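These are the residues of each chain, in order.
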Amino acid sequence: MEREKEYISILKEVNQKSYAPYSNFKVSALLVTKSGKIYTGVNVENASYGGTICAERVAIFKAVSEGEKEFDRIYIYSTDKDGNHKITPPCGFCRQVMVEFSKDMKVILVGDSEKVETDIKTLQPYLFDDSYLV
Ligand code: THU
């Protein structure tokens, strides 16, 4: 994909902004909209643990709050407490938020020694959406 190198470089740079004093697991996400804009996010933890939000949802909510609702892809990167960068799949809450907006978006898990390209259709089959809210 065109510009992917640049996106991954931004994704890694932004990882340092993660606020994760409790888990020491730093996550960053970079969302690309269908219109070609990018939005980044990091996980933001809280002393009241349930107040924590994942990097993916921060990126998506930033985009939605600026009027963007159609997403082409999201990149995800993490740094664990030992400084390793293994691939990290998105949690269930984040998958649910992804399908709310873009049921065909690609999800790219970036690690230092591997990169996995999948999509939300694969990660979230048999999903719940507004069609059940009759
Ligand atoms: N986390 C994310 O930000 N995204 C994921 O895909 C998995 C988990 C965060 C939430 C919490 O701050 C930390 O990682 C440990 O669960």
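Residues numbered from 1 in each chain as written. Predicted model: local features only at pLDDT ≥ 70, side-chain atom pairs only at ≥ 80, totals over all residues. Heavy atoms only, no water.

**Student:** What am I meant to see in the site of the ligand here?
**Tutor:** In the vicinity of the ligand, the contacting residues are Ser23, Phe25, Val27, Asn43, Glu45, Thr52, Cys54, Ala55, Glu56, Pro89, Pro90 and Cys91. Contact between the ligand and Glu45: an oxygen atom at 2.5 Å from a side-chain N or O atom of the residue. Here an oxygen atom of the ligand sits 3.4 Å away from a polar atom, N or O, in the main chain of Pro89. When the ligand is considered free in solution it has 370 Å² of accessible area, and contact with the protein chains removes 78% of it. Looking at the shell around the ligand, its residues break down into seven nonpolar, three polar and two charged. (Near = heavy atom within 4 Å. Polar contact = N/O pair within 3.5 Å; in protein donor to acceptor, adjacent residues only side chain to side chain. Areas by Shrake-Rupley, 256 points an atom, 1.4 Å probe, with all protein chains shown as cover. Nonpolar A, V, L, I, M, F, W, Y, C, P; charged D, E, K, R; others polar.)

**Student:** So what exactly am I meant to see when it comes to the pattern of salt bridges here?
**Tutor:** Pairs can form between side chains of opposite charge once their charged atoms are near each other. All chains considered together, the criterion is met by 11 salt bridges. The salt bridge partner of Glu6 is Arg3, with a shortest N-O separation of 3.1 Å. Residue Arg73 pairs with Glu4 through a salt bridge whose shortest N-O separation is 3.6 Å. In this pair, Arg73 is assigned in strand β3 (residues 71-79) and Glu4 in helix α1 (residues 4-14), connecting sequence segments 69 residues apart. Like Arg73, the residue Glu4 is buried in the burial classification. Each of Glu4, Asp72, Arg73, Lys106, Lys115 and Glu117 takes part in a single network of salt bridges with overlapping partners. (Salt bridge = Lys/Arg side-chain N within 4 Å of Asp/Glu carboxyl O. Helix = DSSP H or I, 4+ residues; strand = E, 2+ residues; numbered from the N terminus. Buried < 20%, exposed > 50% of the residue type's maximum accessible area, 1.4 Å probe, protein only.)

**Student:** Help me understand α1, please; the structure alone is not making it clear to me.
**Tutor:** Residues lying three or four places apart along an α-helix face the same way, a consequence of the helix completing one turn every 3.6 residues. Every buried residue of α1 is accounted for by Glu4, Tyr7, Ile8, Leu11 and Val14. Each buried residue of α1 sits inside an arc of 130 degrees when the element is viewed along its axis, so together they form one side. Within α1, the exposed residues directed more than 90 degrees away from the buried face are Lys5 and Glu13. Tucked into the core, α1 has its buried residues touching β1 (26-33), β2 (38-42), β3, β4 (106-110) and β5 (115-119). (Arc of directions from axis to C-beta. Contact = heavy atoms within 4.5 Å.)

**Student:** Which parts of the structure should I look at to understand the side chain of Arg95?
**Tutor:** Summarising the element assignment, Arg95 is placed in helix α3 (residues 92-101). Despite its burial, Arg95 pairs with no opposite charge; the closest candidate is Glu56, at 7.9 Å N-O. Not counting residues within four places of it along the chain, the set of residues in contact with Arg95 comprises Pro89, Pro90, Ile120, Leu123 and Gln124. (Lys, Arg positive; Asp, Glu negative; His and termini not counted.)

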